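# Geometric and topological summary
Each chain, letter by letter, is given below.
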Amino acid sequence: MSSNAHNVAPAWALSAIYPLQNDLPVLAETDVLVVGAGASGVAAATTAAEAGKSVLIVEKYGFAGGAAVAGMSGTICGMYYATARPRQPEQVVYGFTERFRSALAARGGLTEPQLYGKTFTCAHDPHMWAEVADEFLENAGVRILFHTAVTGVVMDGDRYAGVVLESNAGRSVVLAQRTIDASGDAAVVSRANGAYYFGADGRIQNPTMFFRLADVDIDEFDEYYGQDTICPPKLTDMIEQERKAGANLPRSRIWVFRTPRRNELMVNATRVAGRDGRALNVIDPEDFTEGEVVGRRQAREYADFFRKHVPGCASSYLEDTGTEVGVRQTRSIVGHETLRNDDVLQGRKRDDGICRVPWPIELHDSKGSNLHWLLDDYYEVPYLSLVPVAGENIIVAGRCLSAEHEALASARVTAQCFEYGHAAGVASVLSLDENLPYAKIDGRAVRNAMAANGSAL
């Protein structure tokens, strides 16, 4: 695995290291700094704060949720076993995932499990997701800074000592005893010249643009579409016919989810690539921009297709798209340990495993998608896949863990990201209490503490 960045425009400077002694004002000093308020960041911050640590979380948007809300990837995938003939969902992941799931459901912000091929998933209301996250963070006593971006890293030798923040108020520093990079993009690690890589020799999964359709006759739609959220062959055939007639509908096998709202569907139908057909890497803002323009246009075309051709959708309209494209993969850190493809395929269990994963290898690229099911089984993710190979006082949580390309296509989903954050929060508490670097913490101790918190391990 290379520590060199691939497919990133060379004009963009990445490294942004500041010495401990600098001229910037210190905004705060904290035990634990969490960068990114997606599923992993919310779990990490809540876990560490509930254990009595001072915690500050920073987020570039004005709300928590990351890909689940800004990207509108509005399902909690990865909670249930896959089976050859699924009849009832069997949950296998609990812990912080279950706490958040229960809180969403109590607000009416989550559907019952919906069939997804050989497994199940639940769809959520993104606004309620953000509200639940606010409640978790505030009740735990976490200091929250929305509308704030990390632009640099404060280093004391090889020790991460804090970050440089930028907002409309200006630039300042937060000093932290421990930092959790829950950005999803290894934003802190990369700015400190930490080792990372992009997928398989620079080839990463493509983004998507989720959208929602309103004013759908759900009963009529269900009668046509069926209960599986993966579309029936007759719809695939219809999409392909329309494509041959000139419609901009590049993906034939699409997924449609019922949402907690009345008469609404959430649709994952787009295949976002460059206009020239190349794969996009959304670390590059030009690729990010192109992906969103292309994605919105495709969403409009699919929405028009649904209205004209799909039963129950004659009065439907495009309600909204994600604030950004749904990002599946960018940087992965080089960790002290790496989740291997064979670990997934063999369902490897481990005494230092900090998360169960029953989700299939769900691999998307600019040419198509592929599912490899893990039937009646799961594997476990090693603790040290969250710990960068170089640098002290830093741990990651979320999709930027150290994993091979196909393994990440399984391990990156929401239920698991909650549990990676849970693990990072627990590890931060242990690191502070025992005055140990993250790499010296026994993964079994993290696992045991998570199990005491309700994780099924």
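The preceding data block contains the structure.
Residues numbered from 1 in each chain as written. Predicted model: local features only at pLDDT ≥ 70, side-chain atom pairs only at ≥ 80, totals over all residues. Heavy atoms only, no water.

Over its 21 residues, helix H10 (residues 414-434) extends 30 Å from the first C-alpha to the last, a length consistent with the 30 Å expected when each residue adds 1.5 Å. Of all the 21 residues making up H10, 18 are buried; the element is thus mostly covered by neighbouring parts of the structure. (Helix = DSSP H or I, 4+ residues; strand = E, 2+ residues; numbered from the N terminus. Expected span 1.5 Å × (residues − 1). Buried < 20%, exposed > 50% of the residue type's maximum accessible area, 1.4 Å probe, protein only.)

This part is about the sheet that holds strand E15 (residues 317-321). In spatial order, the strands read E13-E14-E12-E15; together these 4 strands make up an open sheet with antiparallel pairing. Since the sheet does not close on itself, it has two edges, and those belong to strand E13 (255-258) and E15, each with one partner. On average, each strand axis in the sheet is tilted by 30 degrees relative to the strand beside it, whichever way the strands run. Where strand E12 (residues 211-214) lies against strand E14 (residues 264-268), 4 bridges are found, and the strand directions are antiparallel. Bridge pairing in E14 links alanine 214 to glutamate 264. Of the strands in this sheet, E13 and E14 touch helix H5 (residues 218-225), which is tilted by about 140 degrees from E13. (Pairing = 2+ DSSP bridges. Axes fitted to C-alpha atoms, helices over the stretch in contact; angles between N-to-C directions. Contact = heavy atoms within 4.5 Å.)

Now for the packing of aromatic side chains. Geometry of an aromatic ring pair is reported as the spacing of the ring centres plus the angle between the planes. Applying the stated criterion to the full structure yields 15 aromatic pairs. Taking the centre distance of 4.8 Å and the plane angle of 20 degrees together, the rings of phenylalanine 221 and tyrosine 225 count as stacked. With phenylalanine 221 and tyrosine 225 both in helix H5 and 4 residues apart, this pair spans about one turn of that helix. The residues phenylalanine 221 and tyrosine 225 share a single accessibility class, namely buried. Following the ring pairs from residue to residue traces out a cluster consisting of Phe96, Phe100, Trp129, Phe136 and Phe418. Lying over the aromatic face of tryptophan 255, arginine 251 brings its terminal NZ or CZ to 4.7 Å of the ring centre. (Phe/Tyr/Trp six-rings, centres within 6.5 Å; stacked < 30°, edge-to-face > 60°. Lys NZ or Arg CZ within 6 Å of the ring centre and 35° of its normal.)

Moving on, we get to the pairing of E13. Burial along E13 is two-sided: Trp255 and Phe257 facing one way and Val256 and Arg258 facing the other are all buried. Judged from the 4 bridges that link them, E13 and E14 form a sheet pairing that is antiparallel. From the neighbouring strand, phenylalanine 257 faces E14, where its bridge partner is methionine 266. Hairpin remark: E13 followed by E14, antiparallel, with 5 residues in the connecting loop; positive phi at asparagine 263, about 60 degrees.

Our next topic: a negative patch on the surface. Residues Asp217, Asp219, Glu220 and Glu223 make up a contiguous surface patch of negative charge. Along the chain, glutamate 220 falls in helix H5. What makes glutamate 220 partly exposed here is its relative accessible area of 40%. (Patch = residues over 30% accessible without salt bridge, like charges linked within 9 Å, V, L, I, M, F, W, Y side chains within 5 Å. Areas by Shrake-Rupley, 256 points an atom, 1.4 Å probe, with all protein chains shown as cover. Salt bridge = Lys/Arg side-chain N within 4 Å of Asp/Glu carboxyl O. Lys, Arg positive; Asp, Glu negative; His and termini not counted. Charge placed at Lys NZ, Arg CZ, Asp CG, Glu CD.)

With that settled, consider the sheet that holds strand E6 (residues 119-123). Remark on secondary structure: sheet strands pair via backbone hydrogen bonds, oriented parallel or antiparallel. What the 3 strands build is an open sheet, ordered E4-E6-E5; its pairing is antiparallel. Each having just a single partner strand, strand E4 (75-76) and strand E5 (114-116) make up the two edges of the open sheet. In this sheet, E6 lies alongside E5 in antiparallel orientation, the contact comprising 3 bridges. Along E6, the bridge assignment pairs leucine 115 with phenylalanine 120.

The next point concerns the pairing of strand E9 (residues 159-167). Of the pairings in the sheet, the one linking strand E8 (residues 149-156) to E9 comprises 7 bridges and is antiparallel in character. Directly across from valine 154, in E9, lies its bridge partner glycine 162. From the end of E8 to the start of E9, which pair antiparallel, there are 2 residues, and glycine 157 there has a positive phi angle of about 70 degrees. Connecting E9 to the antiparallel partner strand E10 (residues 170-181) that follows it, the hairpin turn spans 2 residues.

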